[in-house]
Amino acid sequence: MLATAQQLTGMTWLDLLIIAAYGAGMLFIGWYYSKRTRSTEDYHLGGRSMRSSSIGLSLFATLLSTITYLALPGEMVNKGPILLWWMVSFPVAYVVVGYLLIPHFMRLKATSGYEILEATLGLRIRLLGAVIFLATRMLWMALIIYITAKIIIVQVMGWPPQSTPYVAVVIGLVTVVFTYMGGLRAVVLTDVIQSFLLLGGAVLCIVVISVKLGGVGAWWPTEWSPNWQHQPVFSWDPHVRATVIGSIIFMTIWWICTAGSDQMAIQRYLATRDARAARRAFAVTLGSNIVVTVVLASLGFALLGFFQSGLGHLPENMTIAKDGDKIFPYFIVHYLPPGVTGLVISGLLAAAMSSLSSGINSSGSVISVDFVDRIFGRSESEAINIRRTKIVSLIVGLVAVALSSLMGMVTGNLMEVTVRTNHVFVAPLFGLFFMAIFVPFATPLGTAVGALAGCIVAILIAYWDMITGLAPLSFQWISLIALIVNLLVAIPLSLLVPQQRRAASDLSAIGKEN
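For clarity, every value in this text was computed on a predicted model and none was experimentally measured. (Residues numbered from 1 in each chain as written. Predicted model: local features only at pLDDT ≥ 70, side-chain atom pairs only at ≥ 80, totals over all residues. Heavy atoms only, no water.)

Asker: Tell me about the overall build of the protein, and name the residues and values.
Answerer: Along the protein, the regular secondary structure elements total 21 helices and zero strands. Counting across all 514 residues of the protein, residues that qualify as buried make up 60%. A separation threshold of at least 6 residues defines the contact pool for the protein, and within that pool the share at least 24 residues apart is 85%. Surface accessibility of the protein: about 19,700 Å² in total, with carbon and sulfur atoms responsible for 69%. (Helix = DSSP H or I, 4+ residues; strand = E, 2+ residues; numbered from the N terminus. Buried < 20%, exposed > 50% of the residue type's maximum accessible area, 1.4 Å probe, protein only. Contact = heavy atoms within 4.5 Å. Areas by Shrake-Rupley, 256 points an atom, 1.4 Å probe, with all protein chains shown as cover.)

Asker: Can you explain the packing of helix α5 (residues 66-78) against helix α13 (residues 324-335)? Please cite residues and give values.
Answerer: It is at 7 Å that the axes of α5 and α13 come closest, and there the two elements cross at 115 degrees. In terms of axis orientation, α5 runs roughly perpendicular to α13. Considering the relative orientation of α5 and α13, their crossing is right-handed. The residues of α13 that touch α5, namely those facing Tyr69, Leu70, Ala71, Pro73, Gly74, Val77 and Asn78, are Gly324, Asp325, Ile327, Phe328 and Pro329. Residue composition of the contact of α5 with α13, by class: eight nonpolar, three polar and one charged. (Axes fitted to C-alpha atoms, helices over the stretch in contact; angles between N-to-C directions. Parallel < 35°, antiparallel > 145°, perpendicular 65-115°, else oblique. Left-handed = near helix turned anticlockwise from the far one by under 90°. Nonpolar A, V, L, I, M, F, W, Y, C, P; charged D, E, K, R; others polar.)

Asker: Explain α13 to me, and be specific about the residues and the numbers.
Answerer: Between the first and last C-alpha of α13 there are 16 Å, a value that for twelve residues agrees with the 16 Å anticipated at 1.5 Å per step. Among the twelve residues that make up α13, ten are buried, leaving the element largely enclosed by the rest of the structure. All buried positions along α13 are accounted for by Gly324, Asp325, Ile327, Phe328, Pro329, Tyr330, Phe331, Ile332, Val333 and Tyr335. (Expected span 1.5 Å × (residues − 1).)

Asker: Please set out the nonpolar core residue by residue, giving values where relevant.
Answerer: With 153 residues, the main nonpolar core has Trp255, Tyr269, Phe282, Leu303, Phe307, Phe328 and Phe331 as its most contacted residues. For this core, the element with the most residues is helix α8 (residues 123-157), which contributes 20 residues. (Core = buried A, V, L, I, M, F, W, Y, C linked by side-chain atoms within 4.5 Å.)

Asker: Tell me about the pattern of salt bridges, and please be specific about residues and values.
Answerer: Proximity of charged atoms lets side chains of opposite charge pair with each other. Tallying each qualifying case throughout the model produces eight salt bridges. Arg241 is the salt-bridge partner of Glu75, the closest N and O atoms lying 2.8 Å from each other. Linking Glu75 in helix α5 with Arg241 in the loop between α9 (164-213) and α10 (244-259), this pair joins segments that are 166 residues apart in sequence. Across the pair, Arg241 and Glu75 agree in class, each one buried. Among the salt bridges present, the one from Glu118 reaches Arg126, with a minimum N-O distance of 2.5 Å. Classification of Arg126 by relative accessible area gives buried; the value is 4%. (Salt bridge = Lys/Arg side-chain N within 4 Å of Asp/Glu carboxyl O.)

Asker: Describe the packing of helix α18 (residues 444-462) against helix α20 (residues 478-496), and please don't skip the residues or the numbers.
Answerer: At their nearest, the axes of α18 and α20 sit 7 Å apart, and the two run at 155 degrees to each other. The pairing of α18 with α20 is recorded here as roughly antiparallel in orientation. The way α18 lies across α20 gives a crossing that is right-handed. Contact residues: Leu445, Gly446, Thr447, Val449, Gly450, Ala451, Ala453, Gly454, Val457, Ala458, Ile461 and Ala462 in α18; Ile478, Ile481, Ala482, Val485, Asn486, Val489, Ala490, Leu493 and Ser494 in α20. Of the residues contributing to the contact of α18 with α20, the split by class is 15 nonpolar, six polar and no charged.

Asker: Go over helix α11 (residues 263-270) with me, naming the residues and quoting the values.
Answerer: For α11, a buried count of eight out of eight residues is recorded, marking the element as mostly surrounded by other parts of the structure. Buried within α11 are the following residues: Gln263, Met264, Ala265, Ile266, Gln267, Arg268, Tyr269 and Leu270. Two to three positions downstream of the cap, the backbone nitrogen of Met264 sits 2.8 Å from a side-chain oxygen, assigning the N-cap of α11 to Asp262. (Polar contact = N/O pair within 3.5 Å; in protein donor to acceptor, adjacent residues only side chain to side chain.)

Asker: Break down the environment of Leu311 for me, with residues and values.
Answerer: Inspection of the secondary structure assignment puts Leu311 in the loop between α12 (275-308) and α13. The partly exposed category is assigned to Leu311, whose relative accessible area is 37%. Expressed as a C-alpha distance, the spacing of Leu311 and Ile209, which sit 102 residues apart in the sequence, is 10.0 Å. Other than its neighbours up to four places away in sequence, Leu311 contacts Lys212, Leu213, Phe306 and Tyr335.

Asker: Report on the packing of aromatic side chains, specifying residues and quantitative values.
Answerer: Applying the stated criterion to the full structure yields 27 aromatic pairs. Ring geometry for Tyr94 against Phe282: centres 6.4 Å apart, planes inclined by 10 degrees, an arrangement best described as stacked. Residue Tyr94 is found in helix α6 (residues 89-106), and its partner Phe282 is found in helix α12; the two are separated by 188 residues along the sequence. When its relative accessible area of 24% is taken as the criterion, Tyr94 is described as partly exposed. For Arg137, the ring lying beneath its charged end belongs to Trp140, and the centroid distance is 4.3 Å. (Phe/Tyr/Trp six-rings, centres within 6.5 Å; stacked < 30°, edge-to-face > 60°. Lys NZ or Arg CZ within 6 Å of the ring centre and 35° of its normal.)

Asker: I'd like to hear about the environment of Leu299, residue by residue, with values.
Answerer: Along the polypeptide, Leu299 turns up in helix α12. Classification of Leu299 as buried rests on a relative accessible area of 0%. Each C-alpha atom, one on Leu299 and one on Phe328, is 8.7 Å from the other, the two residues being 29 residues apart in sequence. Filtering out sequence-adjacent residues up to four positions away, Leu299 remains in contact with Pro73, Ala202, Cys205, Ile206 and Phe328.

Asker: Tell me what's going on with a nonpolar patch on the surface, and back it up with residues and numbers.
Answerer: The grouping of Leu452, Ile456, Ile459, Leu460 and Ile467 at the surface amounts to a nonpolar patch, some 430 Å² of accessible area in total. If you tally residues by element for the nonpolar patch, the top one is α18, at four residues. Position of Ile467 among the secondary structure elements: in helix α19 (residues 464-468). Taking the relative accessible area as the measure of exposure, Ile467 reaches 48% and is therefore partly exposed. (Patch = residues over 30% accessible without salt bridge, like charges linked within 9 Å, V, L, I, M, F, W, Y side chains within 5 Å.)

Geometric values such as these leave the question of function open.
Laid out in structure tokens, this is it:
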């Protein structure tokens, strides 16, 4: 079977020009907003008056990283459509986050969401929450840089694997520079642009495949593919990778925990005018996720149909069964027309940079407000405060780039690697907020010990195979079990060892401090 001319063409000068123009555009936006930043509030929160639609798209683009952009089509190719049940969780997440959590955050005119923890449980719990958040997001950013460098750029360009660290440095530095310059306004605008880029890239691929095969009906699955794993509705066996019920519970817990405790989400609520606007922003985020989940799943089905049809051919060292995560990048380079390849790769880079820029900005905000300002105090000069904040963001980005070199040690396909790194601390972090907001008798000791227990359980489940040498446990239960253990320890311990708890009315005092 001979390769087509397009299959041998690969990247062209037009593709490279489009990718370079994309990178230059992101840097220009950062430079543009650097000239319009007058205070640290402008830098961190965009003046607290940003539009709900922009904020919602920004949060969507932030949480939909390159990992998801590659992992979801790969999951459809070699695991099956079971994870599409995730979407059932969205209405539940909207009600819980929108009406039970967002109003608490919006009462607090703060920069760091972890100030609510200090208001009710004291400084140590606030700093604990900040540390858990930073650990979560630093690992997440490092993984995004590693995956983007290794699976997208290095594979697409046909470079040797040894070049991955150097590519990671370039990707990280470009993102760091425009985030460093422009702050949240630059991050949100680039996120909006990147949202359309990543959606458009996936749609273009579906259109190209449909044209090549003669229509959507030629690739749309009508029966269970032989290479898909058996995935039951439910199973008590903890080694079963995914089930319908497990998928729904997994994503429900993840959305509530992330949207209810992660600074990247809280920072965007605080950048809107009020709770109603913040709720609209969250609704835009969830709605965008539904659209893109459907599109990426359809792309996975289209890729599977394309390579099973015989029109598409994989190299000898790749198979559908074991290389689902790599098929999308391979298709981009070898089967898309010149120019379209550059647009789609720009979409992949957009998914990475939107997440990285938001992670850098949010982590920089937490470090600046929760640690640097507390240790050194705020300067009377806003220019000095802005410069200090920018330096912190720069250091955060450089550390993430350095950590990316360690991500190759985590095993599993992209979906599993993501959960085993990014989801380990999500539930324990939310546990702190749950205790602070919903448990009137919560104490610092009980809350801290509960969070520690949750972290230990999450690590044990996530890395069970690496710790024990036994078969891995399902990634779908990491957050749920960690959260249950967290609360089962924190609530009784707070009752058994009572301590003084700050009054909830102190929330307004903290708002005035900022």
